[in-house]
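Residue-level structural notes
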Amino acid sequence: QVQLVESGGGLVQAGGSLRLSCAASGRTFSGYLMAWFRQAPGKERDFVAGITLSGGSTFYADSVKGRFTISRDNTKNTAYLQMNSLKPEDTAVYYCAADRPPYSGVSRTATAYDYWGQGTQVTVSS
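Residues numbered from 1 in each chain as written. Predicted model: local features only at pLDDT ≥ 70, side-chain atom pairs only at ≥ 80, totals over all residues. Heavy atoms only, no water.

**Observations concerning the overall build of the protein**
Going by this rule: Under the DSSP-based scheme used, a helix requires at least four consecutive residues in state H or I and a strand at least two consecutive residues in state E, with every element numbered from the N terminus. For the radius of gyration, the atoms used are the C-alpha atoms, and the globule rule reads 2.2 Å times the number of residues raised to 0.38. Relative accessible area decides the class of each residue, using a 1.4 Å probe on protein chains only: under 20% of the type maximum gives buried, over 50% gives exposed, and in between gives partly exposed.
Within the protein one finds 0 helices and 11 strands. Taken from the N to the C terminus, the helices and strands of the protein come in the order β-β-β-β-β-β-β-β-β-β-β. The C-alpha atoms of the protein give 13 Å as radius of gyration, which agrees with the globular expectation for 126 residues (14 Å, within 12%). The principal-axis extent of the C-alpha atoms belonging to the protein is close to 40 × 25 × 25 Å. Among the 126 residues that make up the protein, the fraction classed as buried is 44%.

And the structure:
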């Protein structure tokens, strides 16, 4: 069992930056694939970025590639999402998610993930 707590959301102007953090409880954080998803009002929960166990490989949705960076620090049991050049269409609730073994790779499907945080609101004004 792992509990995830996101922080770092807020209101920012277009072109600005935010850094989201996802703090995980437990001693097995390094054994979980991690990902960030987002959900705008009236829309489905969409994959944003994912990262492998050691952080050696990362994956992004096309809409955020080149602007967002996912990372993790296994010594701090924390995953991060650095968001630069934010756009109004990035406005959503952002969730971190953890996938426990067995897994076959970083999934872009929300149903593949076993644990979720409560979400943090990101609002980008134009």
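**Side note on the side chain of Thr52**
Definition in use: Any pair of N or O atoms that falls within 3.5 Å is considered a polar contact. Within protein, one atom must be able to donate a hydrogen and the other to accept it, and sequence-neighbouring residues count only if both atoms are side-chain atoms.
With respect to the secondary-structure elements, Thr52 resides in the loop between strand E5 (45-51) and strand E6 (58-60). At 3.4 Å, the side chain of Thr52 and the backbone nitrogen of Gly56 are in polar contact.

**Things to note about the sheet that holds strand E1 (residues 4-7)**
Rule in force here: Paired strands are those between which DSSP finds at least two bridges. For every element, the axis is a line fit to its C-alpha atoms; helices are fit only across the contacting stretch, and the angle between N-to-C directions ranges from 0 to 180 degrees.
One open sheet holds the 4 strands; their spatial order is E1-E3-E8-E7, and the pairing between them is antiparallel. Of all the strands in the sheet, the pair left with one neighbour each is E1 and strand E7 (68-73). Each adjacent strand pair in this sheet contributes to an overall mean axis angle of 15 degrees, direction not counted. Where E7 and strand E8 (residues 78-83) come together, 6 bridges link them in antiparallel fashion. In the sheet register, Phe68 faces E8, and the bridge partner there is Met83.

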